[in-house]
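# Fold and geometry: a report
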Amino acid sequence: MKSTLAQIEDIKKNGYSLDFSNVFNHAFENYKKIALYSGLIILVFSIIALMVYMGVLIAYFGVESLTRDFITEFSNQKFTGLELVIQTVSVSAIAGIIAPFSAGFLKMADCADRDVEFNVSTIFTYYKGRYLAQLFVVAFIPSLIGTALSNLVDSYDILYVGNVISFMVSYFMYLSIPLIIFGNLNAVDAIKSSIIIVTKNPLNIFAFFIIGFIGSLVGLVGCCVGIIFTVVFNSSMIYATYFAIFGIDEDEDSIDSIGQSNVD
């Protein structure tokens with residue numbers, strides 16, 4: 001089987017095709033296998049994250065930080081240049097820290113697809129070794145660029161453009177994480193390769209990107225708490241898209257292979 005970089009070179013020269021129905025059906029079938037288990041995991045960690053967040057707010061701003069008036073005033077206030085820099089770096093760092101957790105759901109999708117047993121520890125598979133550094137960087141750099149541009153545009157009171165910028169950055173980074181954990185690329189190569197893949201078949205990738213996003217929000221309909229069981233649909237869609245383009249090499253030890261190749 002060709003290496004991921006060799007396949008990327010072929011894609012640069014010849015492009016590639018995707019069968020919409022096959023990818024969607026694969027994603028949906030995979031989602032059904034992981035929805036309940038992943039939803040329970042998200043529920044537990046969401047409760048923990050909420051408690052930590054409220055604890056930080058109370059410790060820093062006091063009990064009044066939990067009132068609606070405080071939240072409204074805080075969200076509407078104008079930040080100084082230094083505060084915007086701190087906010088940009090902080091948001092990007094959080095994105096980097098969460099990236100291995102998101103990759104864990106792709107690992108869970110892969111296990112389910114191959115009928116391999118998975119458990120809670122599967123979510124933390126990539127918080128170790130080279131994976132941690134590569135995944136942090138692949139999330140930190142795009143988030144830093146996207147957040148910085150978004151904040152710059154928002155500072156001129158140009159409505160919605162900042163949101164569009166963040167949206168487009170996420171779109172072009174659609175396959176960056178699976179390119180690391182399944183394709184054995186380092187962070188910079190994964191970023192460049194994801195851009196190449198998206199630009200070679202932008203309509204199909206955009207369709208999968210939007211369907212994954214909308215599908216993950218279906219749980220908001222009727223009972224908002226249902227989103228914890230639908231949000232992982234996006235992971236299944238990303239996994240199915242990557243699988244359709246590259247396939248998954250089951251035998252290769254990807255931990256030892258990360259960072260050994262570069263995109264020209």
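So, a few notes on the structure that sits alongside this text.

About the criteria used
Residues numbered from 1 in each chain as written. Predicted model: local features only at pLDDT ≥ 70, side-chain atom pairs only at ≥ 80, totals over all residues. Heavy atoms only, no water. Helix = DSSP H or I, 4+ residues; strand = E, 2+ residues; numbered from the N terminus. Buried < 20%, exposed > 50% of the residue type's maximum accessible area, 1.4 Å probe, protein only. Contact = heavy atoms within 4.5 Å. Axes fitted to C-alpha atoms, helices over the stretch in contact; angles between N-to-C directions. Parallel < 35°, antiparallel > 145°, perpendicular 65-115°, else oblique. Left-handed = near helix turned anticlockwise from the far one by under 90°. Nonpolar A, V, L, I, M, F, W, Y, C, P; charged D, E, K, R; others polar. Expected span 1.5 Å × (residues − 1). Bend = angle between axes of the 7 residues up to and from the residue.

Attention now moves to the environment of Tyr 31. Tracing the backbone through its elements, the reader meets Tyr 31 in helix α2 (residues 20-61). Residue Tyr 31 is classed as buried on the basis of its relative accessible area of 14%. In sequence terms Tyr 31 and Thr 230 are 199 residues apart; their C-alpha atoms lie 8.6 Å from each other. Not counting the four nearest positions on each side in its chain, Tyr 31 is found in contact with Phe 229, Thr 230, Val 232, Phe 233 and Ser 236.

Let's shift gears to the packing of α2 against helix α11 (residues 233-246). Running from N to C, α2 and α11 cross one another at 135°; their axes reach a closest spacing of 8 Å. Between α2 and α11, the angle falls in the class oblique. Along this stretch, α2 crosses α11, giving a crossing that reads as right-handed. Facing α2, whose interface residues are Val 23, Phe 24, His 26, Ala 27, Phe 28, Asn 30, Tyr 31 and Ile 34, α11 presents Phe 233, Ser 236, Met 237, Tyr 239, Ala 240, Thr 241, Phe 243 and Ala 244. Of the residues in the contact of α2 with α11, the class split is twelve nonpolar, four polar and no charged.

Moving on, we come to helix α4 (residues 81-113). Residues three or four positions apart in an α-helix share a direction because the helix packs 3.6 residues into each turn. Taking 1.5 Å of rise per residue, the 33 residues of α4 would be expected to cover 48 Å, and the 47 Å separating its terminal C-alpha atoms lies within 8% of that figure. The largest bend along α4 reaches roughly 35° and is located at Ile 98, with the proline Pro 100 sitting one to four residues downstream. Within two residues after α4, Asp 115 carries a phi angle of roughly 55°, on the positive side.

Positive phi is not limited to glycine here, since Asp 115 has a value of about 55°. For Asp 115, the position within the fold is in the loop between α4 and α5 (129-154). For Asp 115, a relative accessible area of 67% translates into the label exposed. For Asn 184, which is not glycine, the phi dihedral falls at a positive 65°. Relative to the helices and strands, Asn 184 is located in the loop between α7 (176-181) and α8 (187-200).

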